[in-house]
Amino acid sequence: MIVIIDFGSQFNQLIARRVRECRVYCQIEPPTVTAEQIRAWSPEGIILSGGPSSIYEKNSPRVDAGIFKLGIPILGICYGMHFMVDTLGGKVKQASKREYGFAALTARQQKGLFAGIGKETVTWMSHGDSIETLPKGFTISASTANTKVAAMASTRKKFFGVQFHPEVEHTAKGRKIIRNYLFDICGCKPSWTMKSFARDTVEQIRETVGDKKVILGLSGGVDSSVTALLIHRAIGTNLTCIFVDNGLLRKNEADQLKRKLKSHLKINIRFVKSATRFIKALSKVSDPERKRKIIGKEFMDVFEAEALKIKDADFLAQGTLYPDIIESQSAFGGPTSVIKSHHNVGGLPKKMKLKLVEPLKYLFKDEVRKLGRTLGLDDDLVWRQPFPGPGLAIRVIGEITKKRLEVLREVDAVLQEEIRASGYYRKLWQSFAVLLPIKSVGIMGDGRTYENIVAIRAVTSKDAMTADWARLPHKLLGNISNRIINEVRGVNRVVYDISSKPPSTIEWE
Ligand code: XMP
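Calculation criteria
- Residues numbered from 1 in each chain as written.
- Predicted model: local features only at pLDDT ≥ 70, side-chain atom pairs only at ≥ 80, totals over all residues.
- Heavy atoms only, no water.
- Axes fitted to C-alpha atoms, helices over the stretch in contact; angles between N-to-C directions.
- Helix = DSSP H or I, 4+ residues; strand = E, 2+ residues; numbered from the N terminus.
- Parallel < 35°, antiparallel > 145°, perpendicular 65-115°, else oblique.
- Left-handed = near helix turned anticlockwise from the far one by under 90°.
- Contact = heavy atoms within 4.5 Å.
- Nonpolar A, V, L, I, M, F, W, Y, C, P; charged D, E, K, R; others polar.
- Disulfide = S-S within 2.5 Å.
- Core = buried A, V, L, I, M, F, W, Y, C linked by side-chain atoms within 4.5 Å.
- Buried < 20%, exposed > 50% of the residue type's maximum accessible area, 1.4 Å probe, protein only.
- Phe/Tyr/Trp six-rings, centres within 6.5 Å; stacked < 30°, edge-to-face > 60°.
- Lys NZ or Arg CZ within 6 Å of the ring centre and 35° of its normal.
- UniProt positions renumbered as here; feature names shortened; annotations may be inferred.
- Polar contact = N/O pair within 3.5 Å; in protein donor to acceptor, adjacent residues only side chain to side chain.

### Structural notes on the packing of helix α13 (residues 402-422) against helix α14 (residues 474-487)
Thinking step 1. Two elements in contact, α13 and α14, have axes separated by 9 Å at closest approach and are oriented at 150°. Classified by the angle their axes make, α13 and α14 are roughly antiparallel. At the point where α13 passes α14, the crossing takes the right-handed sense. On the side of α13, the interface is formed by V411, V414, L415, E417, E418, I419 and S422, while α14 contributes L476, N479, I480, R483, I484 and E487.
Thinking step 2. Residue classes in the contact of α13 with α14 are distributed as seven nonpolar, two polar and four charged.

In structure tokens:
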């Protein structure tokens, strides 16, 4: 296992990904973690991440200096290297020449981190500080034209530092450098697979839960389905899932999910039909945040009432993923402003004193999909695109009525059919339609129409933090538009959303 200390770099998740691609397990920890905690985990190595601070500034993040006495190899990247230098008695100062972007790196020797890299290689830099004096016992192992200490090493102690970012794609031999660190220096074994993860996690769930009961809010998405499978494998019928049909789902979705989940998962599932109360509560509401709050509250009430019927439930399971955890524990306290109040099974049901089980909390989305496949989850569920908790309510812009929900449902069904048939479904993070609150003039046959406009949104993304609008082929867009206007009454114009996130968000509300 490798421990990654998070000094706030935007690339932290990438470091974790690179390590896991080598089939080595890793965990990202905040700088508040202690050397004692790390010792207890017995990691093979530690990686100190980069970060936006300067080490000589007041309040720059630091981790327990005791980590340098654990006898564990340590790799510092950018700010992580500066922290290592500063703590071990060297000096870091503002560089006379800042370095952003590509830089040709010359390695002094082809060993250690640089074994098999060649003398010259392209790296990616992003720093305004440089190392002026090395700590005792360190030597320079690579330089660039602007940065004398582009890499350093104390081979005896197995401490290494690199000024560049080996985790980004732009560093040509970055993966090899990370492999050298993990396998040659730390002695890790490439043994972390989804099969071993599943086996260990099932074991842990059994230990934690014992013979108590667990409740899980099932949405039909891949995260909650995989969570259900894992927990079911661990405790069988002591798991009860609750599926709330809020009337804001896609066409036929509730029925399809019901069939699929029931037959496939063979798990105790309670389906709660509550469309009427959701739609009533949303009547005449057009503010996006109010919609989200109302839906969150209704969901909680329905879920709680159902959960209270289950006797002896001690645990609530959630499909929380790693990016959510990293966000909230970042060195700088996570997101500072609420862009949208996301709703999942947000808080715990109030009246029940439940403990949390989050078996996916160290996984990324694509790892959850892999795990789903390993557990034998239906392909359709494994590859389902994310669908927001508030459902179509945040895609009918403005006031929600049953009629408008119906129009959007029909439009969305056509879109889904076309996207699936084109082979794009799995390539896209999400593809969906939005019903706009304005009308436009059109002509159908010989007559004037004055009807609704829908926007099509299709994005690619790795984790929803950033997203790009998908360059769908014009022919496909043409088919989608033709079919929607011909087949769905009430729509006479289709537009395509070409905004990325940021500055836009994926959903419109
Ligand atoms: P935004 O619109 O903020 O969305 O770019 C990022 C991702 O989150 C999904 N999303 C939600 N998921 N509950 C959810 O479970 C929510 O309230 C919610 N709002 C947005 C969105 O579909 C995208 O994948």
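### Section: the state of the cysteines
Thinking step 1. A full pass over the atoms with the stated rule returns zero disulfides.
Thinking step 2. Left unpaired, C186 is separated from the closest cysteine sulfur, that of C188, by 5.0 Å.

### Describing the nonpolar core
Thinking step 1. One finds I5, I46, L48, I67, L239 and L371 to be the most contacted residues of the largest nonpolar core, which totals 69 residues.
Thinking step 2. Looking at which element gives the most residues to this core, the answer is helix α6 (residues 222-235), with eight residues.
Thinking step 3. Core analysis: the next-biggest nonpolar cluster, separate from the first, contains 45 residues, L282, I295, A313 and I480 among them.

### Focus: the packing of helix α5 (residues 194-209) against α6
Thinking step 1. In contact at an axis separation of 8 Å, α5 and α6 are set at 60° when each is read in the N-to-C sense. In this view, α5 runs oblique relative to α6, as classed from their interaxial angle. Where α5 crosses over α6, the two elements pack in a sense that is right-handed. Along its contact with α5, which presents A198, T201, V202, I205, R206 and V209, the element α6 presents L230, I231, R233, A234 and I235.
Thinking step 2. Taken together, the residues of the contact of α5 with α6 break down into eight nonpolar, one polar and two charged.

### Comments concerning the environment of A433
Thinking step 1. Along the polypeptide, A433 turns up in strand β15 (residues 430-444).
Thinking step 2. In this structure A433 comes out as buried when scored by relative accessible area, which is 1%.
Thinking step 3. Once the C-alpha coordinates of A433 and I456 are considered, the two residues, 23 residues apart in sequence, prove to be 4.6 Å apart.
Thinking step 4. With residues near it in sequence (within four places) discarded, A433 still touches R395, L408, V411, D412, L415, A455 and I456.

### A word on the packing of aromatic side chains
Thinking step 1. Applying the stated rule across the entire model yields 12 aromatic pairs.
Thinking step 2. Ring centres 6.5 Å apart and planes at 85° place the aromatic pair Y25 and Y362 in the edge-to-face group. Of this pair, Y25 sits in the loop between α1 (12-21) and β2 (26-29) while Y362 sits in the loop between β14 (355-357) and α11 (365-374), placing them 337 residues apart in sequence.
Thinking step 3. Put simply, the rings of F7, F68, Y79, F83 and F159 touch in pairs and so form one group of aromatic residues.
Thinking step 4. Note that K258 overlies the ring of F271, its terminal NZ or CZ placed 5.0 Å from the centroid.
Thinking step 5. Over the ring of Y425 we find R420, and its NZ or CZ is 4.0 Å from the ring centre.

### A look at the UniProt feature "binding site: ATP" (unreviewed entry) in the protein
Thinking step 1. Taking the UniProt record as the reference, the feature "binding site: ATP" (unreviewed entry) is found at S219, G220, G221, V222, D223, S224 and S225.
Thinking step 2. Relative to the elements of secondary structure, G220 occurs in the loop between β10 (213-217) and α6.
Thinking step 3. Under the relative-accessibility criterion, G220 is labelled buried at 0%.
Thinking step 4. G220 has contacts with S225, F243, L257, L261, L381 and R384, leaving out every residue within four places of it along the chain.
Thinking step 5. Following the sequence through the fold, S224 ends up in helix α6.
Thinking step 6. If we skip the residues at most four places from it in the chain, S224 touches L216, G217, L218 and S219.
Thinking step 7. A polar side-chain atom of S224 sits 3.0 Å from the main-chain amide nitrogen of S219.

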